[in-house]
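The primary structure of each chain is shown beneath.
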Amino acid sequence: MMHSSFGIRTVCFGVIAALAFVTAVPAWAQEPEYVDPTIVKDDKDEQPEGVKNLGAEQVVAKKKWEYNTPPIYTKWWFWVASVAVTAAVVTLAVIPLTRHARPCETNSSNSESNILLNCFGDGR
Amino acid sequence: MTSLQRQACLIGLTGALVLSTSGCDPYTYFNVHVAIDPAMDTDSQVIKDARTRRQIDACVVYVFADGQQIEEGKNLKTRNGIAEACQAPNTPLNVGILDYSTTRSSGKLKFTVAMKNLDSDVIAQGSTQEAAVNPGSVYPGTLEVLATPCGGSKPACEAISRP
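Residues numbered from 1 in each chain as written. Chains lettered and ligands numbered in written order. Predicted model: local features only at pLDDT ≥ 70, side-chain atom pairs only at ≥ 80, totals over all residues. Heavy atoms only, no water.

So, the nonpolar core
Spelled out, the test is: Nonpolar cores are built from buried Ala, Val, Leu, Ile, Met, Phe, Trp, Tyr and Cys residues. Side-chain atoms within 4.5 Å join them into one set. Burial classification: accessible surface area is computed with a 1.4 Å probe over protein chains only, and a residue below 20% of its type maximum counts as buried, one above 50% as exposed, and the rest as partly exposed. Here a strand is any run of E in DSSP of at least two residues, a helix any run of H or I of at least four, and the numbering for each starts at the N terminus. Contacts are residue-level and defined by heavy atoms, with any inter-residue pair within 4.5 Å sufficient.
Ranked by size, the top nonpolar core spans 31 residues in total, and within it Phe30, Val34, Leu76, Val95, Leu109, Phe111 and Met115 of chain B carry the most contacts. Counting only elements with at least two residues in this core, the list comes to strand S1 (116-121) of chain A together with strand S1 (28-36), strand S2 (58-65), strand S4 (94-102), strand S5 (108-116), strand S6 (122-127) and strand S9 (143-149) of chain B. Residues in contact with Phe111 of chain B, not counting those within four places in the same chain, are Phe30, Val32, Val61, Tyr62, Val63, Tyr100, Gly126, Ser127, Thr128, Leu143 and Val145 of chain B.

Take a look at the structure:
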């Protein structure tokens, strides 16, 4: 019966998720806020960049990245961390299902000359 | 993310992996000692009790969690599974010790041993105290079951399902 190991698995997963989240948050925190260049704010009178020289031939410079910093998924450590978290979660989910309980004692000398009876229960 | 943060992240994940594989043992273990009230010794002057003990032909253990039966009755046998622990007419006063494991994360367990005659009527019974589940550990000490005859001036045996 594995019904009650769910709580333990949840706690273990929570610890791992919290560790991963706390260490990874600074990466997202550095991402600049995206500003649509065609939107004119109320406090500005100038034409937006997107409507300047509409009749002229447009020379669109290809940007490698839309942001000042490349997306997080281009970082090698993002994928390493993702694989590690996935492996941890899978491991935590599988281990309680495959882990057996401790072996049954067979030497009666450790039991004060009592006769050893049934050894049963979950994981046995 | 600086290289220092990256290293901290990797170390944290590695640590979590190691913890997850080595710790978090989901089992709680219980050792239960089963015995018969010495008053039921075959040399007892209480002839009725002595006769009752001679009639014991099977011992069955039941496990309860917070009042609910969680295991079907199991006949007590020696650990090698060859011999019955209780057999008429010579069931020992010191029946033996059994080992139980559970993956429950909380609650309290109680073990009840019913001793039956050839007709499968419960003629003696005993229970442990309630023992708290604590995953990753062995319940401290040994839980004691002291079986006493049913009926008479002693409390009636609890109703338990037949295996």
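Things to note about the state of the cysteines
As a reminder of what qualifies: Criterion for a disulfide: a pair of cysteine sulfur atoms within 2.5 Å.
Using the criterion set out here, one finds two disulfides over all chains in the structure. Shown here is the disulfide that connects Cys104 of chain A with Cys119 of chain A, its sulfur atoms set 1.9 Å apart. Between Cys104 of chain A and Cys119 of chain A the sulfur-sulfur dihedral comes to about -85°; the bridge is accordingly left-handed. Residue Cys104 of chain A is located in the loop between helix H2 (76-98) and S1, and its partner Cys119 of chain A is located in strand S1; the two are separated by 15 residues in the primary sequence. The disulfide partner of Cys59 of chain B is Cys86 of chain B, and the gap between their sulfur atoms is 1.8 Å. Measuring the twist about the S-S bond at about -100°, one finds the Cys59 of chain B-Cys86 of chain B disulfide to be left-handed. Pair noted here: Cys59 of chain B is in strand S2 and Cys86 of chain B is in the loop between strand S3 (68-75) and S4, with a separation of 27 residues, a long-range link. As far as the burial class goes, Cys59 of chain B and Cys86 of chain B line up, both buried.

Focus: the pattern of salt bridges
Convention followed: Think of a salt bridge as a Lys or Arg side-chain nitrogen and an Asp or Glu carboxyl oxygen that are within 4 Å of each other.
Going through the model one piece at a time under the given rule, you end up with two salt bridges over all chains. As a salt-bridge pair, Arg102 of chain A and Asp99 of chain B come within 3.1 Å of each other at their nearest N and O atoms. A residue pair is termed interchain when its members come from two chains, as with Arg102 of chain A in the loop between H2 and S1 and Asp99 of chain B in strand S4. Classification of Asp99 of chain B by relative accessible area gives buried; the value is 3%. Between Asp99 of chain B and Arg124 of chain A there is a salt bridge whose closest N-O contact spans 3.0 Å.

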